[in-house]
Amino acid sequence: CATVKHLSLGVAGLGCEDALVHLLNYVWPNVFEASPHVIQATCDAIEGLMVGLGPNVILAYVLQGLYHPARKVREIYWK
């Protein structure tokens, strides 16, 4: 996750959004992890991707989780 964070901050504004979305799709499932250090690294990577992609892309992912049909998925996002 630290690599994704530094990559996304390094290429912010250079037109690499499609590659950053691809990396976001690899990082995003880690929000379901239970260990605190993985959660912190995932949040750092997502914050870096927010700089590279913009907050609207991250908001779309968060909204899908907040209103997911499965209760267990919604509970993770509402924490």
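Residues numbered from 1 in each chain as written. Predicted model: local features only at pLDDT ≥ 70, side-chain atom pairs only at ≥ 80, totals over all residues. Heavy atoms only, no water.

1. Digging into helix H4 (residues 55–66)
So, step 1. Its 12 residues place the ends of H4 16 Å apart at the C-alpha level, agreeing with the 16 Å of an ideal helix rising 1.5 Å per residue.
So, step 2. Within the span of H4, buried status applies to Ile58, Tyr61, Gly65 and Leu66. The arc that holds every buried residue of H4, seen down its axis, measures 135°, which confines them to one face. Exposed residues pointing more than 90 degrees away from the buried face of H4 are listed as Asn56 and Gln64. (Helix = DSSP H or I, 4+ residues; strand = E, 2+ residues; numbered from the N terminus. Expected span 1.5 Å × (residues − 1). Buried < 20%, exposed > 50% of the residue type's maximum accessible area, 1.4 Å probe, protein only. Arc of directions from axis to C-beta.)

2. Remarks on the packing of helix H3 (residues 36–53) against H4
So, step 1. Their axes nearest at 7 Å, the elements H3 and H4 cross at an angle of 130°. Here H3 is positioned oblique relative to H4, judged by the angle of their axes. On H4, the residues that touch Ile46, Leu49, Met50 and Leu53 of H3 are Pro55, Asn56, Val57 and Ile58. (Axes fitted to C-alpha atoms, helices over the stretch in contact; angles between N-to-C directions. Parallel < 35°, antiparallel > 145°, perpendicular 65-115°, else oblique. Contact = heavy atoms within 4.5 Å.)

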